Amino acid sequence: MGTMIVAHAFFYCTDLGLCYNGTMKQRFETPWKTIHCPQCGAVLPLYLAQTKLVQCRQCHSMIFLEDEAVRVAGVASVLAPEPSLVTLEEPFAYEGVSYLPLGKIRYGYGRGFWEEWWVQNDEGAPYWLSIDEGDFALETADATHPYTAEMLEGIGVGAMLPGGWVVTETGTGVCDGFEGSLPWEVRIGETYRYLQLTDETTRLRTIEIDTGGIRSFTGRWIDPFAIEVR
Amino acid sequence: MAAENVTAIQCTHCGAPLTLHGGGRIATVTCSYCGSVLDMNDHYKVLTQFRELQPPPVPLKLGMRGTIRGVAWTIIGWIKYASVDEPSETWSEFSLYSEIYGYGWLVYEAGVFLFSRRVRDFPLLRWEAKRHPRTVFYRQGHFVASEGAYVAEIEYVQGELSWVAHAGDQTTCWDYNGAGRRSLSIEKSPQETEVYLNETLLTPRVYSAFSLEPDREHAIHGTEGIDAAEGDTERAPLSTYTRGMLLLAGVLLLALLASLLTPKLIFQEVTSRPFRRMVTVDSDAFLTHIRLKAPSSTVLDTTHLTLYRGDHELYSIDRRAAHTSDVLLQETWKHGDNAVDIFIKLPTGTYRLDLVVFVPSRQQISVTVYERTMRLWLIVPLFLLIAVLAFPGLKRRFLSSDMGKIVGVMAVGTAGIYWLGIGVVVALLVLYFTVVKPVKEGKVSWQEVLNDD
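What counts, and where the lines are drawn
- Think of each chain on its own: its residues are numbered from 1, step by step along the sequence as written.
- Chains and ligands are labelled sequentially in the order written, the chains with letters from A and the ligands with numbers from 1.
- Where local features are concerned, this predicted model is filtered to residues with pLDDT of at least 70; where side-chain atom pairs are given and counted, the filter is 80 or more; whole-chain, interface and lining totals use all residues.
- As a rule here, side-chain values come from all non-hydrogen atoms in the structure, and water together with hydrogens is ignored.
- Secondary structure counts use DSSP, requiring at least four H or I residues in a row for a helix and at least two E residues in a row for a strand, with both numbered from the N terminus.
- Three exposure classes are used, based on accessible area relative to the maximum for each residue type with a 1.4 Å probe and protein chains only: buried under 20%, partly exposed in between, and exposed over 50%.
- Residue contacts are counted whenever heavy atoms from the two residues lie within 4.5 Å of one another.
- Surface accessibility follows the Shrake-Rupley procedure with a 1.4 Å probe radius. Residue values consider only the protein chains on display as shielding.
- Polar contacts, as used here, are pairs of N or O atoms within 3.5 Å; protein pairs need one atom able to donate a hydrogen and one able to accept it. Residues neighboring in sequence count only if both atoms are side-chain atoms.
- By definition, two strands form a pair when at least two bridges between them are found by DSSP.
- By buried area we mean how much accessible surface two parts lose on assembly, using a 1.4 Å probe and totalling the loss over both.
- Here, a salt bridge means any Lys or Arg side-chain nitrogen found within 4 Å of an Asp or Glu carboxyl oxygen.
- A fitted line through C-alpha atoms serves as each axis, taken over the contacting stretch for helices, and the angle formed by two N-to-C directions is quoted from 0 to 180°.
- A pair of aromatic rings is counted whenever rings of Phe, Tyr or Trp (Trp by its six-membered ring) have centres within 6.5 Å, and the orientation is called stacked for planes under 30 degrees apart, edge-to-face for over 60 and tilted otherwise.
- Side-chain atoms within 4.5 Å are what join buried Ala, Val, Leu, Ile, Met, Phe, Trp, Tyr and Cys residues into a set we call a nonpolar core.
- Each patch is built from salt-bridge-free residues with over 30% relative accessible area, joining like charges within 9 Å and nonpolar side chains (Val, Leu, Ile, Met, Phe, Trp, Tyr) within 5 Å.
- By the counting rule applied here, Lys and Arg register as positive and Asp and Glu as negative, while His and the ends of each chain are not counted.
- To locate a charge, take atom NZ for lysine, CZ for arginine, CG for aspartate or CD for glutamate.

Peer 1: Before we go on, may I ask you to explain the overall build of chain B in this structure?
Peer 2: Across its full length, chain B holds nine helices and 25 strands. Here chain B holds 453 residues, and 45% of them are scored as buried. Across chain B, the fraction of contacts at a sequence separation of at least 24, relative to all contacts at a separation of at least 6, is 61%. A total of about 24,300 Å² of accessible surface is found on chain B, and carbon and sulfur atoms cover 57% of it.

Shown next as structure tokens:
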């Protein structure tokens, strides 16, 4: 009986994600590899092999990673600090899974902005956490998608796309800048067009269109009140 | 807590000073003085104007800050709605803004506050395909439609909103009540359909959160003040009566569990011969259970069991009678039974069991004795009764009125079916023993039975 109680207590703790600060942080603290900023020599940890772009925390240089080589591509302006539920390289938990924010891109629209956070979960899988004034969505990048520029041309809210997807929102945003590390190059100042879609099961899909091509992400809306931060 | 970004502007129509608190999605600000709706994205150009300038009496106002669910919110906008079907039915919705959690709503109607947030993971396409079903399942909870669709109309606006509101704008609404204090609102306007998840708040806590003076609240609402909130009764602590009932139910539940776990086998023998055996009872907790079982009623009818303590006969039973003191089972078995269960309160000690078989046969009889036994049939009805008595208090605390009705109807229905079933079984038994059996045994004829009257 005693052994059972101990076992249950352990699983209870883990299931609720209450232990992430103790165990998961240690796992996150081991980067996949580290590089040195070619500009100032600062040590930059890389957590995911997919990382292609890093901003140096000391000199704010933008560093591209090309195979084993690193290349400085200028200096990015520092994003104005804004209040946020999540913080770079500070783990948070959602539904018992821990995530580590690695980088973020800020897009401006009209009088506001939204942010796309590149995060990895405790198994090392990359996700995108979209935060737009209290609306939180967790998505993964789709390896393939059926969308073409012609298909998405002039499409609006209510339009149906293959797979039972319905367009619920369209808009544009300007890339204001980024912080941390990212899996691809971002062009600061470039305008992005996006489509937001949903299907019958309330899944979420976001399609981003820019000069670099079309990207598709699939995931779901999440409850910000269920996010646990330290 | 994040610093608040506050901007001060002047109304481009009347010059009144206006304070802006909201985030990037704010599209308009409506002047509190002249009712002009100003375009936030086009140099505060006047888009439209509200004629009704007299604000309804509410305890909150723009710019107030309060903490709900641990988040600091600022009241940035205010809409007064009225029901189109019943114009006297009005309510206020205050737009809330947090720099981290975005936007929310504080709905106020007749002293009751709801905290409301737009949700985007509701299966709206499925809901529309099913043509507004009566029940919905969302975030692991059931919600039941509280009434049919109704149409709400905007009467009055102040402050910042994320869209351009006009006087008379109409929204069709469907409300669903869930367990506890949760509810869903689905609102359909000509532009889009939105879903909101609501939570009834304790009215005194809202007053405290927004630092409202109690006097001010009572002066405005009179008897519709804090105590009028239905949500409070749902959230009110359990009464002493309900707690007592729950305690009793808990004790009985423990007894139920104990009855399954505690019985201990202290004697068992299967034989076709008479015997005399000593049995030791180690525990006098609960009852001692003696079970006499034969392969057939005929065999059982030939047995006689006697229980002694020393030379003193405590109890004896056979087909004809049971002789006893201190027994719970007062009568013997009937012909047709092939087993009998005897429950006795026995002090600890050593007892003697004598089994006599009047007509020896090869068929074997089983005698089993358990100590620490409880009788479920005494406990279960009491448990059910206490559960029914405690239900009103639990319903107020944990269930919405609609859910409470459903659970109540289900409970009464289950109890009704239970007792009806027992009644039917008793009636059939009575019919069998008074009519069918005598006829089968040739004691009376069907004709005599039918002509009995």
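Peer 1: Looking at this model, I keep getting lost on the overall build of chain A. Mind explaining?
Peer 2: Along its length, chain A carries three helices and 16 strands. Residue burial in chain A is summarised as follows: out of 230 residues, 47% are buried. Taking the contacts inside chain A whose residues are at least 6 apart along the sequence as the reference set, 50% of them involve residues at least 24 apart. Here chain A displays about 11,000 Å² of accessible surface, and carbon together with sulfur accounts for 55% of that area.

Peer 1: Could you clarify how one ought to interpret the environment of Thr-198 of chain A in this entry?
Peer 2: Turning to its location among the elements, Thr-198 of chain A is positioned in strand S13 (residues 191-198). Residue Thr-198 of chain A is classed as buried on the basis of its relative accessible area of 16%. Thr-198 of chain A has contacts with Gly-164, Trp-165, Val-166, Thr-168 and Arg-203 of chain A together with Leu-125 of chain B, leaving out every residue within four places of it along the chain. For Thr-198 of chain A, the side chain forms a polar contact with the main-chain oxygen of Arg-203 of chain A, separated by 3.1 Å.

Peer 1: Please clarify how the pairing of strand S1 (residues 33-36) of chain A should be interpreted in this entry.
Peer 2: Two faces make up the sheet, and in a regular strand the side chains alternate between them. Residues and elements named next belong to chain A. Direction of pairing for S1 relative to strand S2 (residues 43-46): antiparallel, over a ladder of four bridges. Each residue of the ladder has a partner; that of Thr-34, found in S2, is Pro-45. Taken together, S1 and the strand that follows it, S2, pair antiparallel across an intervening segment of six residues, in which Gly-41 is found at a positive phi of about 85 degrees.

Peer 1: Could you clarify how one ought to interpret the interface of chain A and chain B in this entry?
Peer 2: As a measure of interface size, the accessible area lost when the parts come together is often cited. The partner chain B presents 24 residues to the 22 residues of chain A that form the contact. When the two sides are added together, the surface that chain A and chain B hide from each other amounts to roughly 2,100 Å², 54% of it contributed by carbon and sulfur. Of all residues in chain A, the largest losses of buried area upon contact with chain B belong to Arg-111, Glu-133 and Phe-225 of chain A, amounting jointly to 37% of the total for that side. At the boundary of chain A with chain B, the tally comes to five salt bridges. Between Arg-25 of chain B and Asp-132 of chain A there is a salt bridge, and its shortest N-O distance comes to 3.5 Å. Inspection of the chain A/chain B interface yields ten residue pairs in polar contact (both at pLDDT 80 or more). Contributing elements (two or more residues each) for the side of chain A that touches chain B: strand S10 (135-141) and strand S12 (165-182) of chain A.

Peer 1: Is there a simple way to explain the side chain of Glu-179 of chain A in this structure?
Peer 2: Of note, Glu-179 of chain A is situated in strand S12. Residues in contact with Glu-179 of chain A, not counting those within four places in the same chain, are Gln-55, Leu-79, Leu-88, Leu-102, Gly-103 and Lys-104 of chain A.

Peer 1: Please explain the environment of Trp-128 of chain A as it appears in this structure.
Peer 2: Residues and elements named next belong to chain A. Locating Trp-128 in the fold gives a position in strand S9 (residues 126-132). Judged by its relative accessible area of 5%, Trp-128 is buried. Excluding residues that lie within four positions of it along the chain, Trp-128 makes contacts with Ile-105, Glu-116, Trp-117, Trp-118, Ala-137, Leu-138, Glu-139, Ala-141, Leu-182, Pro-183, Trp-184 and Phe-217.

Peer 1: What should I look at first to understand the sheet that holds strand S23 (residues 339-344) of chain B in this one?
Peer 2: Picture the strands of a sheet paired through backbone hydrogen bonds; they go either parallel or antiparallel. All names here are of chain B. Reading across from one edge, S17-S25-S19-S23 is the order of the four strands in this open sheet, with antiparallel pairing throughout. Each edge of the sheet is formed by a strand with only one pairing partner; in this case those strands are strand S17 (264-271) and S23. Averaged over all adjacent pairs, the angle separating strand axes in this sheet is 10 degrees, with direction ignored. Strand direction decides the pairing type here: strand S19 (residues 287-293) and S23, joined by six bridges, are antiparallel. Pairing of Leu-292 across the sheet is with Val-340, part of S23.

Peer 1: Mind showing me how you'd approach the packing of aromatic side chains here?
Peer 2: Geometry of an aromatic ring pair is reported as the spacing of the ring centres plus the angle between the planes. Taken as a whole, this structure holds 24 aromatic pairs over all chains when the rule is applied. Here Trp-73 of chain B and Phe-115 of chain B contribute two aromatic rings whose centre-to-centre distance is 5.5 Å and whose plane-to-plane angle is 55 degrees, an arrangement assigned as tilted. Taken together, the residues Trp-73 of chain B in strand S7 (residues 71-83) and Phe-115 of chain B in strand S10 (residues 112-119) connect sequence positions 42 residues apart. The pair formed by Trp-73 of chain B and Phe-115 of chain B is uniform in burial state, with each residue classed as buried. Between the aromatic rings of Tyr-81 of chain B and Trp-91 of chain B, the centroid separation amounts to 5.9 Å while the plane-to-plane angle is 20 degrees, which identifies the pairing as stacked. Note that Tyr-81 of chain B is positioned in strand S7 and Trp-91 of chain B in strand S8 (residues 90-98), a separation of ten residues in sequence. Across the pair, Trp-91 of chain B and Tyr-81 of chain B agree in class, each one buried. The structure contains a cluster of three or more aromatic residues connected by ring pairs, namely Tyr-107, Tyr-109, Trp-114, Tyr-192 and Tyr-194 of chain A.

Peer 1: What exactly am I supposed to notice about the pairing of strand S24 (residues 349-357) of chain B here?
Peer 2: Residues and elements named next belong to chain B. Of all nine residues in S24, seven are buried, a share of seventy percent or more. By the bridge criterion, seven bridges tie strand S18 (residues 275-281) to S24 in an arrangement that is antiparallel. In the sheet register, Val-279 faces S24, and the bridge partner there is Tyr-351. Strand direction decides the pairing type here: strand S20 (residues 303-309) and S24, joined by six bridges, are antiparallel. Note that in S24 the partner of Tyr-308 across the bridge is Arg-352.

Peer 1: Hey, could you run me through the nonpolar core in this one?
Peer 2: Across soluble globular proteins, nonpolar side chains have a tendency to be buried as a group. Ranked by size, the top nonpolar core spans 35 residues in total, and within it Leu-129 of chain A together with Leu-60, Leu-106 and Phe-210 of chain B carry the most contacts. Contacts of Phe-210 of chain B, omitting those with residues within four sequence positions, involve Leu-60, Met-64, Arg-65, Gly-66, Ile-68, Trp-73, Ile-75 and Leu-106 of chain B. In this structure, Leu-292, Val-299, Ala-322 and Ile-342 of chain B belong to the second largest nonpolar core, which totals 27 residues.

Peer 1: Quick question: what am I supposed to make of a negative patch on the surface here?
Peer 2: Where like charges cluster on the molecular surface, the negative patch consists of Asp-85, Glu-86, Glu-89, Glu-109 and Glu-147 of chain B. Its location among the elements puts Glu-109 of chain B in strand S9 (residues 102-109).

Peer 1: In this structure, what is going on with a nonpolar patch on the surface? I would like to understand it.
Peer 2: Residue and element names in this part refer to chain B. A cluster of nonpolar side chains, contributed by Leu-253, Leu-254, Leu-257, Leu-260 and Leu-261, occupies part of the molecular surface with about 560 Å² of accessible area. Mapping Leu-261 onto the fold places it in helix H5 (residues 240-261). Judged by its relative accessible area of 71%, Leu-261 is exposed.

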